[in-house]
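Structural description and commentary
Chain by chain, the residues:
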Amino acid sequence: MKKSILLMLVTVLLLLSACGQDSQKDSDSVTKSDPTTLYDRFISGDISALSKNGDEVSINDYVDDSTYRMYAIYDMNGDTIPELLIKTARNFTIFWTKNNELCVWYEGTNYCSPLNNMAVLSERSGGAPEHINYRYEVLGYNGETLIYVEFAEYSSFEYEGEQHPELYEINGLEVSKDVYTSLTAPLLSIKDDEIKWEPIPTV
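Summary of the structure given here. In this text, all values refer to a predicted model and were calculated from it rather than measured experimentally. (Residues numbered from 1 in each chain as written. Predicted model: local features only at pLDDT ≥ 70, side-chain atom pairs only at ≥ 80, totals over all residues. Heavy atoms only, no water.)

Regarding the environment of E174
If you trace the backbone, E174 turns up in strand β14 (residues 173-175). For the pair E174 and E153, spaced 21 residues apart in sequence, the C-alpha separation works out to 9.8 Å. Apart from residues lying up to four places away in sequence, E174 is in contact with L167, Y168 and E169. (Helix = DSSP H or I, 4+ residues; strand = E, 2+ residues; numbered from the N terminus. Contact = heavy atoms within 4.5 Å.)

Written out as structure tokens, the structure reads:
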């Protein structure tokens, strides 16, 4: 029963990711002009943006002295208007223009990466035992999470003389390696090569 529910969930997820976003183009709330000038001004520190809470934020709130500070311009909600993607050693944030203002559209950790199909994949490695945690999110027009799936793979390890086998989980449910691979391989095969990153200059 649990496996059938899991299979239904991933099937829905794959359908959503394959079709992209059925964008709800709200012409009253989103500016239809090219927002890249606003993005350039934000990156250079000339203007601020609004956070999810309505507070003013600047580029300095998202970058630090780390050498890893990148940005990209890419349409993440399928309305043909590109968003501003910023990724640093600390976080991953997406901005858009709403009511002619620059606003945060999505916030994630530095483990998050956008994909060509407008979804976001988080990948995080850990130890004790060695493992990799994934979270795949399909986002809605306003940056909300429509649906997600979490999956993890654990390496075999020895503890107090006892050997523990590899472990595979999807949404907290232990599955066989074959089931895990068949359900997660399509998600992990989605590329991110269409998103072109550029370094953010020092403000």
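Looking at the sheet that holds strand β13 (residues 167-170)
Read across the sheet, 6 strands follow the order β7-β8-β9-β10-β13-β14 without closing on themselves; strand pairing throughout is antiparallel. Each edge of the open sheet is held by one strand with a lone partner, namely β7 (112-114) and β14. Averaged over all adjacent pairs, the angle separating strand axes in this sheet is 25°, with direction ignored. The sheet contact formed by strand β9 (residues 131-139) and strand β10 (residues 145-154) spans 9 bridges and is antiparallel. Residue pairing in the sheet places L139 in a bridge with T145 of β10. Along the sheet, helix α3 (residues 177-188) contacts β8 (119-126), β9, β10, β13 and β14; its crossing angle with β10, the most-contacted strand, is approximately 130°. (Pairing = 2+ DSSP bridges. Axes fitted to C-alpha atoms, helices over the stretch in contact; angles between N-to-C directions.)

A short note on the pairing of strand β3 (residues 69-74)
Each regular strand shows side chains that alternate between the opposite faces of the sheet. Across the 6 residues of β3, 5 count as buried, placing the element largely inside the fold. When β3 meets strand β4 (residues 83-88), the two strands line up antiparallel, connected through 6 bridges. What sits directly across from R69, in β4, is T88. With 2 bridges connecting them, β3 and strand β15 (residues 198-199) associate as antiparallel partners. By the bridge assignment for β15, Y71 is matched with E198. (Buried < 20%, exposed > 50% of the residue type's maximum accessible area, 1.4 Å probe, protein only.)

Quick look at the packing of aromatic side chains
We describe a pair of aromatic rings using the distance from one ring centre to the other and the angle between the two ring planes. Applying the stated criterion to the full structure yields 8 aromatic pairs. With 4.9 Å between their ring centres and 20° between their planes, Y134 and F151 make a pair best called stacked. One end of the pair, Y134, is in strand β9; the other, F151, is in strand β10, with 17 residues separating them in the sequence. Grouping residues by exposure puts Y134 and F151 together as buried. By the ring-pair criterion, three or more aromatic residues cluster together here, those being Y134, F151, Y168 and Y180. (Phe/Tyr/Trp six-rings, centres within 6.5 Å; stacked < 30°, edge-to-face > 60°.)

As for the pairing of β8
Across 3 bridges, the pairing between β7 and β8 is antiparallel. Its bridge partner lying in β8, P114 is registered against V120. In textbook terms, the turn of a hairpin is the stretch between consecutive antiparallel strands, and for β7 and β8 this stretch comprises 4 residues, one of which, M118, has a positive phi near 75°. Looking at chain direction, β8 and β9 are connected through 8 bridges and run antiparallel. Pairing of S125 across the sheet is with I132, part of β9. Linkage of β8 to β9, two consecutive antiparallel strands, is achieved through a turn of 4 residues, within which A128 is found at a positive phi near 55°.

These figures come from the coordinates and say nothing about function on their own.
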